[in-house]
Amino acid sequence: MYIVDLENNIIHDMSFIRYECRVNKIPDDKKKKVYSLNTVKTMLNTDQKPHYNGCQYCMADYHLVDFTKIFQ
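Residues numbered from 1 in each chain as written. Predicted model: local features only at pLDDT ≥ 70, side-chain atom pairs only at ≥ 80, totals over all residues. Heavy atoms only, no water.

Engineer: I'm lost on the overall build of the chain in this one. Help?
Structural biologist: Looking only at helices and strands, one finds one helix and four strands in the chain. Reading the helices (α) and strands (β) of the chain from amino to carboxyl end gives β-β-β-α-β. Compactness check: the chain gives a C-alpha radius of gyration of 12 Å against a globular reference of 11 Å for 72 residues, within 12% of the reference. Principal-axis analysis of the C-alpha atoms gives the chain an extent of 35 × 25 × 25 Å. Expressed as a percentage of its 72 residues, the buried residues of the chain come to 28%. (Helix = DSSP H or I, 4+ residues; strand = E, 2+ residues; numbered from the N terminus. Rg over C-alpha atoms; globule rule 2.2 N^0.38 Å. Buried < 20%, exposed > 50% of the residue type's maximum accessible area, 1.4 Å probe, protein only.)

As structure tokens, this is what we get:
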């Protein structure tokens, strides 16, 4: 199962959850449950609006870093 943080547009994998993810700090009205990896991959598609990102702690393979923000 995956938890989508609708406020920050981050997807968390509940089978690899870590303390740094802070899933318990996400308000209940800003959470969405997703049960399929195919649905998560569709949400992570860069053409999709709003653009979702994988959590850097529990979904590191799907986390994209925007390097353009570093040089601003």
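Engineer: How should I be thinking about the environment of Y2 in this particular structure?
Structural biologist: Inspection of the secondary structure assignment puts Y2 in strand 1 (residues 2–5). Residues Y2 and I70, 68 residues apart in the sequence, show an inter-C-alpha distance of 29 Å. With residues up to four places along the chain from it excluded, the contact list for Y2 reads I11, H12, D13, K32, K33, V34, S36, L37, V40 and M59. (Contact = heavy atoms within 4.5 Å.)

Engineer: I keep staring at the pairing of strand 1 and nothing clicks. Help me out?
Structural biologist: On a regular strand, each side chain points to the face opposite its neighbour's, so the side chains alternate between the two faces of the sheet. Residue alternation in strand 1 divides its side chains into two sets, Y2 and V4 and I3 and D5, and both sets are buried. Taken together, the four bridges between strand 1 and strand 2 (residues 10–13) define a ladder with antiparallel strand orientation. In the strand pairing of strand 2, V4 is matched with I11. Taking the residues between adjacent antiparallel strands as the criterion, strand 1 and strand 2 are bridged by four residues, where N9 takes a positive phi near 60°. (Pairing = 2+ DSSP bridges.)

Engineer: Whenever I open this one, the nonpolar core confuses me. Can you help?
Structural biologist: General note: in soluble globular proteins, nonpolar side chains tend to be found buried as a group. Formed by 15 residues in total, the largest nonpolar core has its most connected members in I11, V40 and M59. Listed by contribution, the elements that provide at least two residues to this core are strand 1 and helix 1 (37–43). With three residues, strand 1 is the largest single contributor of residues to this core. (Core = buried A, V, L, I, M, F, W, Y, C linked by side-chain atoms within 4.5 Å.)

Engineer: Help me out: how do you make sense of the side chain of D13 in this one?
Structural biologist: Take D13: it is sitting in strand 2. R18 provides the closest opposite charge to the buried, salt-bridge-free D13, at an N-O distance of 9.9 Å. One polar contact links D13 to S15, side chain to side chain, over a distance of 2.9 Å. If we skip the residues at most four places from it in the chain, D13 touches M1, Y2, C58 and M59. (Lys, Arg positive; Asp, Glu negative; His and termini not counted. Salt bridge = Lys/Arg side-chain N within 4 Å of Asp/Glu carboxyl O. Polar contact = N/O pair within 3.5 Å; in protein donor to acceptor, adjacent residues only side chain to side chain.)

Engineer: Please clarify how unusual backbone geometry should be interpreted in this entry.
Structural biologist: Peptide bonds are trans in most cases, and residues, glycine excluded, mostly fall at negative phi. Located in the positive-phi region is N9, a residue other than glycine, with phi close to 60°. Counting through the fold element by element, N9 comes out in the loop between strand 1 and strand 2. Classification of N9 by relative accessible area gives partly exposed; the value is 22%. In this structure, R22 takes a positive phi of about 55° despite not being glycine.

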